[in-house]
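So you can see what is in the structure, the chains are spelled out below.
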Amino acid sequence: MSSFKPPPWTTPADRPDDENYARVLSRQAKRGELCRVRRGLYLPTSVWRGLEPWQQYAVRIDAVHRTAHGDPIFCQRSAAQLWGIPVIEIPDFVDMLVSQEGGGRSTADVRRHRSDLSEVRTVRIRGLRATTKLQTVRDLAVVLPFPDAVAAMDRVLSPLNLPVERASTPLQKPQVAASLKLLPYASQQRRVQRVLDFADGRSGSPGESLSRAHIFRLGLPIPALQHEIRDGQGRIGYADFYWKESGLVGEFDGWVKYSRGEFLAGELPSEVLRREKVREDRIRATGLRVVRWMWSEARKPELLRQKLIRAGLKPL
């Protein structure tokens, strides 16, 4: 997930001297020319439809911030979005922390979580207030399914910067473990500890993390990560997954690197594909088998299981 800045809003305040402008915008929205994201906040429909789902979610968070009373604190999935921590399933609501004594009720598009705000540490991310990276990933491990929580935890344990970070400041497992005592229920602590025990900062992408968690839950052998493969010419590269006993290399392929400029680094997609094929041919020439899968299998554990077993993975 790359850094993203929401596009500029169209609002009645754009023409403060035109008392009729709010009605003009409302009519344009009814005609489909504008998309009403939240009361008084519009985007051109073509702009809204051109955004990816996670970008639309970032826009919704910004809309809640602009229309909230006071200074909202974003948490859980919404804080993850601001940090750039992956959330596999984009929600249709925004998560906010509110005071235990008040803060209003949850609605269809805003889910309010009551907390003692005096004990909550926050950061500013592009002007928006969010829970710290540590609290965010810990909270995600409480509320998300195990595979999704693993993807988030893997990312914050990685030495790679999050999109909003200027320098690499990965969390360490002992830091997360020490924070578990702040959770009110033992069941929550056990849930987070299970995610933390399994998490691995060497995971190369959310899709790899999701796949590895499903492999574990399916009772299949856990692979080695980022295994170096060499031949007579030297290093071929590092495999996403490696099962020594089965002689099998696994590669998650989200296809992002074949379509986005930030991954192509000026190369044509055809050249990136050619280089990947040469790499795979060299791996196969060492006697290893190679199996690739995409999001369609990573999201459906049984499909992933069938693909891996057909490729030669031996179940436990």
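Our subject is the structure listed above.
Please read these numbers as outputs of a predicted model, since none were measured by experiment.

Let's talk about the packing of helix H9 (residues 206-217) against helix H13 (residues 301-310)
- The contact between H9 and H13 brings their axes to 10 Å, and the two run at 80°. Between H9 and H13, the interaxial angle falls into the category roughly perpendicular. Facing Ser211, His214 and Ile215 of H9, the residues of H13 in contact are Pro301, Leu304 and Leu308.
- Partitioned by chemical class, the residues of the contact of H9 with H13 number 4 nonpolar, 2 polar and no charged.

So, the sheet that holds strand S6 (residues 122-125)
- Taken in spatial order, the 5 strands make up an open sheet running S5-S4-S3-S7-S6, and their pairing is mixed. Edge strands, defined here as strands with exactly one partner in the open sheet, are strand S5 (110-115) and S6.
- Across 6 bridges, strand S4 (residues 94-99) lies against S5 in parallel orientation. Bridge pairing in S5 places valine 94 opposite valine 110.
- In the packing of helix H4 (residues 76-83) onto the sheet, contacts are made with strand S3 (73-74), S4, S5, S6 and strand S7 (128-131), and the angle to S7 comes to roughly 115°.

Concerning the packing of aromatic side chains
- Applying the stated rule across the entire model yields 7 aromatic pairs.
- Ring geometry for phenylalanine 241 versus tryptophan 293: centroids 5.3 Å apart, planes at 25°, classification stacked. With phenylalanine 241 in strand S9 (residues 234-243) and tryptophan 293 in strand S11 (residues 289-293), this pair connects stretches of sequence that are 52 residues apart.
- With relative accessibility at 1%, the residue tryptophan 293 sits in the buried group.
- Through pairs of rings, three or more aromatic residues link up here, namely Phe146, Phe198 and Phe216.
- Cation over ring: arginine 111 sits above phenylalanine 93, and NZ or CZ is 3.7 Å from the ring centre.

Describing unusual backbone geometry
- Positioned with a positive phi, glutamine 76 is a non-glycine residue whose angle comes to about 50°.
- Glutamine 76 gets classed as buried once you look at its relative accessible area, which sits at 10%.
- Positive phi values are uncommon outside glycine, yet glutamine 226 reaches one of about 50°.
- Looking at where glutamine 226 falls in the secondary structure, it is placed in strand S8 (residues 224-231).

What to know about the pattern of salt bridges
- Counted by the stated rule, this structure contains 20 salt bridges.
- Aspartate 95 is the salt-bridge partner of arginine 77, the closest N and O atoms lying 3.3 Å from each other. One end of the pair, arginine 77, is in helix H4; the other, aspartate 95, is in strand S4, and 18 residues separate them in sequence.
- Using a relative accessible area of 0% as the deciding quantity, one classes aspartate 95 as buried.
- Residue glutamate 297 is joined to lysine 307 by a salt bridge in which the shortest nitrogen-to-oxygen separation is 3.3 Å. Residue glutamate 297 is found in helix H12 (residues 295-298), and its partner lysine 307 is found in helix H13; the two are separated by 10 residues along the sequence.

Some thoughts on the pairing of S7
- Two elements, S3 and S7, share 2 bridges in a ladder whose sense is parallel. Looking at the pairing, isoleucine 73 lines up with arginine 129 of S7.
- With antiparallel pairing between neighbouring strands as the criterion, S6 and S7 make up a hairpin whose turn holds 2 residues, including arginine 126 at a positive phi of roughly 50°.

Remarks on the nonpolar core
- Counting 40 residues, the largest nonpolar core has Phe74, Ile85 and Met153 as its most contacted members.
- Within the residue set of this core, elements represented by two or more residues are helix H3 (53-67), H4, S4, S7, helix H5 (133-143), helix H6 (146-157) and helix H8 (186-198).
- Broken down by element, this core gets its largest block of residues, 7 residues, from H6.
- Beyond its immediate chain neighbours, meaning those up to four positions away, methionine 153 contacts Val137, Ala141, Val176, Val195, Leu196 and Ala199.

So, the environment of aspartate 240
- On the secondary structure map, aspartate 240 appears in strand S9.
- On the accessibility criterion, aspartate 240 (11% relative accessible area) is buried.
- Taking the C-alpha atoms as reference, aspartate 240 lies 7.1 Å from histidine 227; in sequence the two are 13 residues apart.
- Within the structure, aspartate 240 has its side chain in polar contact with the backbone nitrogen of phenylalanine 252 (distance 3.1 Å).

A short note on the sheet that holds S11
- Across the sheet, 4 strands lie side by side as S8-S9-S10-S11; this open sheet has mixed pairing. Whereas interior strands pair on both sides, the edge strands pair on one side only; in this sheet they are S8 and S11. Between one strand axis and the next, the sheet turns by 45° as a mean value, whatever way the strands run.
- Judged from the 3 bridges that link them, S9 and strand S10 (residues 248-252) form a sheet pairing that is antiparallel. Among the inter-strand pairings, phenylalanine 241 is bridged to a residue of S10, identified as glycine 250.
- Across the sheet, H9 is in contact with S8, S9, S10 and S11; its angle to S9 comes to roughly 45°.
- Running over the sheet, H13 touches S9, S10 and S11 and is turned about 165° from S11.

Cut-offs applied
- Residues numbered from 1 in each chain as written.
- Predicted model: local features only at pLDDT ≥ 70, side-chain atom pairs only at ≥ 80, totals over all residues.
- Heavy atoms only, no water.
- Axes fitted to C-alpha atoms, helices over the stretch in contact; angles between N-to-C directions.
- Helix = DSSP H or I, 4+ residues; strand = E, 2+ residues; numbered from the N terminus.
- Parallel < 35°, antiparallel > 145°, perpendicular 65-115°, else oblique.
- Contact = heavy atoms within 4.5 Å.
- Nonpolar A, V, L, I, M, F, W, Y, C, P; charged D, E, K, R; others polar.
- Pairing = 2+ DSSP bridges.
- Phe/Tyr/Trp six-rings, centres within 6.5 Å; stacked < 30°, edge-to-face > 60°.
- Buried < 20%, exposed > 50% of the residue type's maximum accessible area, 1.4 Å probe, protein only.
- Lys NZ or Arg CZ within 6 Å of the ring centre and 35° of its normal.
- Salt bridge = Lys/Arg side-chain N within 4 Å of Asp/Glu carboxyl O.
- Core = buried A, V, L, I, M, F, W, Y, C linked by side-chain atoms within 4.5 Å.
- Polar contact = N/O pair within 3.5 Å; in protein donor to acceptor, adjacent residues only side chain to side chain.

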